Amino acid sequence: MMDAMISDGAKALAARARARLTDISGRDASSAAVWFVPGRIEVLGKHTDYAGGRSLLCTVERGVCLAALPREDAVVRLGTRTSAIEARLAPERPAAARSGPAIYVDTVAARLARNFGRLEGIDAAVAADLPQASGLSSSSAFLTAIVLALAHRNQLHTRDAYVANVRSREDLAGYVSAIEGGGAFGTLAGDAGVGTMSGSEDHTAMFCCERGRISQYSFCPVRAEATIALPEPWTFVVGVSGIAAVKTGAARDAYNRAASAAAAVLEMWRAATGRSDLSLAAAATAFPGADDEIRRLLRTGDPPSAFTRDALLERFEQFFEESERIIPKAAAALARGDTAAFGAAVDRSQHNVETRLHNQVPETIALARNARRLGAAAASAFGAGFGGSVWALVREPDAPAFIDAWRASYRREFPHRAASEFFVSRPGGPLRELR
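First, a word on what this report is: a plain description of the structure on this page.

The rules we used
Residues numbered from 1 in each chain as written. Predicted model: local features only at pLDDT ≥ 70, side-chain atom pairs only at ≥ 80, totals over all residues. Heavy atoms only, no water. Helix = DSSP H or I, 4+ residues; strand = E, 2+ residues; numbered from the N terminus. Buried < 20%, exposed > 50% of the residue type's maximum accessible area, 1.4 Å probe, protein only. Areas by Shrake-Rupley, 256 points an atom, 1.4 Å probe, with all protein chains shown as cover. Lys, Arg positive; Asp, Glu negative; His and termini not counted. Charge placed at Lys NZ, Arg CZ, Asp CG, Glu CD. Core = buried A, V, L, I, M, F, W, Y, C linked by side-chain atoms within 4.5 Å. Contact = heavy atoms within 4.5 Å. Phe/Tyr/Trp six-rings, centres within 6.5 Å; stacked < 30°, edge-to-face > 60°. Pairing = 2+ DSSP bridges. Axes fitted to C-alpha atoms, helices over the stretch in contact; angles between N-to-C directions. Expected span 1.5 Å × (residues − 1). 1 Å grid on protein atoms, 1.4 Å probe; cavity = no way out; pocket = protein on both sides within 12 Å on 5 of 7 lines; lining within 4 Å. Points joined across faces, edges and corners; volume = space filled by probe spheres on them. Nonpolar A, V, L, I, M, F, W, Y, C, P; charged D, E, K, R; others polar. Salt bridge = Lys/Arg side-chain N within 4 Å of Asp/Glu carboxyl O. Parallel < 35°, antiparallel > 145°, perpendicular 65-115°, else oblique. Left-handed = near helix turned anticlockwise from the far one by under 90°.

Before going further, it helps to examine the overall build of the protein. Along the protein, the regular secondary structure elements total 13 helices and twelve strands. Seen through its C-alpha atoms, the protein measures out along the principal axes to roughly 60 × 55 × 40 Å. Counting the 435 residues in the protein, one finds 58% classified as buried. Of the roughly 17,000 Å² of accessible surface on the protein, 52% is carried by carbon and sulfur atoms. Side chains of the protein give 51 positive and 48 negative charges; the mean places of these two sets differ by 1 Å.

Core analysis: the biggest nonpolar cluster contains 85 residues, and I41, L66, F342 and W391 have the highest contact counts within it. Take this core: its biggest share by element is ten residues, from helix α3 (residues 138-153). Residues contacting L66, with those up to four places away along its chain left out, are A33, V34, W35, L78, A124, A125, V126, A145, I146 and A149. Grouped together as the second largest cluster of nonpolar side chains are 28 residues, A259, A261, L298 and F307 included.

Moving on to the packing of aromatic side chains. This structure, assessed with the given rule, holds 13 aromatic pairs. Aromatic side chains Y104 and F142 sit 6.2 Å apart centroid to centroid with 75° between the ring planes, which places their arrangement in the edge-to-face category. On the criterion of sequence distance, the pair formed by Y104 in helix α2 (residues 101-116) and F142 in helix α3 is long-range, its members being 38 residues apart. The exposure classification of Y104 matches that of F142, with both residues buried. With a centroid separation of 6.3 Å and an interplanar angle of 40°, the aromatic rings of F116 and Y162 are classed as tilted. Residue F116 is found in helix α2, and its partner Y162 is found in helix α4 (residues 160-165); the two are separated by 46 residues along the sequence.

Bringing the pairing of strand β9 (residues 378-382) into the picture now. Counting buried positions along β9 gives five out of five residues, so the element sits mostly inside the fold. Alternating positions in β9 separate into two faces, A378, S380 and F382 on one and A379 and A381 on the other, with burial throughout. Two strands pair when backbone bridges link them, and β9 and strand β10 (residues 389-395) are joined in this way by five bridges, in the antiparallel orientation. Counterpart to A381 in the pairing with β10 is V390. The turn linking β9 back onto β10 is made up of six residues, and G383 within it adopts a positive phi angle of 95°.

Ordered by their spatial adjacency, four strands build an open sheet running β9-β10-β8-β11, and the pairing between neighbours is antiparallel. Both outer strands of the open sheet, β9 and β11 (421-425), are each paired with one neighbouring strand and no more. Each strand axis lies, on average, 25° off the axis of its neighbour in the sheet, ignoring direction. Pairing of strand β8 (residues 234-240) with β11 involves five bridges; the strand directions are antiparallel. Bridge pairing links F236 to S425 in β11.

Right, let's get into α2. For α2, built from 16 residues, the straight-helix expectation of 22 Å at 1.5 Å per residue is met to within 8% by its first-to-last C-alpha distance of 23 Å. Taking burial as the measure, the 16 residues of α2 include 14 buried ones, the bulk of the element. After α2 finishes, the residue G117 shows a positive phi value of roughly 80°.

For the rest of this paragraph, the subject is the layout of surface pockets. Empty space among the atoms becomes apparent when a probe as large as a water molecule is rolled across them. By volume, the largest pocket amounts to about 980 Å³. Around the largest pocket, the lining is made up of 42 residues, and of these Q132, A133, S138, S139 and F142 lie nearest the centre. The set of elements that each furnish at least two residues to the lining of the largest pocket consists of α1 (8-25), β1 (33-44), α2, β5 (122-128), α3 and α6 (201-208). With four residues, the single largest contributor to the lining of the largest pocket is α3. Counted by class, the lining of the largest pocket contains 16 nonpolar, 17 polar and nine charged residues.

Attention shifts here to the pattern of salt bridges. What the rule picks out here adds up to 30 salt bridges. Put simply, R54 and E225 hold a salt bridge, and the shortest N to O gap is 2.8 Å. With a gap of 171 residues between them, R54 in strand β2 (residues 54-70) and E225 in strand β7 (residues 223-229) connect regions that are remote in the sequence. Linking D291 and R295 is a salt bridge whose minimum nitrogen-to-oxygen distance equals 2.8 Å. Placement of the pair is D291 and R295 together in helix α9 (residues 290-300), with a separation of four residues, close to one helical turn. On the basis of relative accessible area, D291 is assigned to the buried category, the value being 11%. Exposure remark for R295: the relative accessible area of 7% places this residue in the buried category.

Take the packing of helix α12 (residues 362-373) against helix α13 (residues 399-413) next. Contact geometry of α12 with α13 gives a least axis separation of 10 Å together with a crossing angle of 140°. Viewed along their axes, α12 and α13 adopt a mutual orientation that is oblique. α13 is crossed by α12, and the crossing has right-handed handedness. Every residue of α13 that contacts α12 at E363, A366, L367, N370, A371 and R373 is listed here: F402, W406, S409, Y410 and E413. Considering only residue class, the contact of α12 with α13 consists of six nonpolar, two polar and three charged.

Glycine aside, negative phi is the norm for most residues, and most peptide bonds take the trans geometry. With an omega of 5°, the peptide bond between C220 and P221 qualifies as cis. The phi dihedral of A133 is positive, around 50°, even though this residue is not glycine. With respect to the helices and strands, the residue A133 is situated in the loop between β5 and α3. The backbone of C220 shows a phi angle near 60°, a positive value even though the residue is not glycine. The partly exposed category is assigned to C220, whose relative accessible area is 40%.

Honestly, it's all geometry; don't read function into it.
Structure follows, in structure tokens:
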């Protein structure tokens, strides 16, 4: 039986996943275990998490469903809408590198086998209503669902290595993020991941965000700071640009450059001061005036050859203002119901990523500006950048008319972006097993 709190959309996805599982396994999947993992909106927190900064997060009411049946061998066989992927639960990946959904299956299979030893496999299938490569974290949701299914199949929560490292939902989010990014987690050794220098905000949102609320987290390590009810009658409208915001393959370099710049600032700081701050956020707040010391260093020091002084200073200014000034101001405004002040803070964040982080494209810039022109209380691009989506905060009764106007303005300006999509979502709940 499905939980009464599960949306009709999630129930439909579960039915599709079970039907696909029957097709690929040749077994009755009516009793299969099913997990729903939502996508997320990064309300604010542009490229802050992996540097220890803050984010404002919520999930959406769309996501990825994975249905799974146990196998008695060490094989993962997973059916997507168009293909079936196989991987062995072994600590070494296949000799030939794979791409697309297969890289996520390979990453999870190898990492769990490396961290926990002998494992038994699953037959599984997925169904999703998240637009792919849209900045809504469809790939992280996909990877997370595979981890959940294999953890359930092998009762990982009973194993000593798991118990020693994963003590909370935040810890589990951090571990799943480490699987995707390739980093170690506690005593659980890392590997190559999927090749992106990502943080854990996506996974934290999926595991920890609450229905109807915006969550404020800081990272490295994950720390819950606040939750704020999104006041009625406000809701989010998401505009998907139609430009894929992928974080694998050729797109990795552009995404990773922002992370590398933040790491370069931290390394310059450590070398100049002899300090051992664990993140850029820790360095910038280590003592009163530490941020000014970092600015002076970036203006006069010798940067790594891959960056100029100006590029590193821009990256630091964007990071510091987003994490330490804009997010606290925006959260306080939202908590007191001051949507005008919230919108002004979000506008500043959007300006900074356009002029300092340089990860926007004409389509996302236009979507954000047109949303504000059409009456949205706030609007921002989100996610890795270089494509993806924009959220707009509007009154729920106005959402249908707003979508019509927003879509029309976008398609007049970018008529070739046929894959664009627009939908409404209140903040959703966390991931869950469907029964």
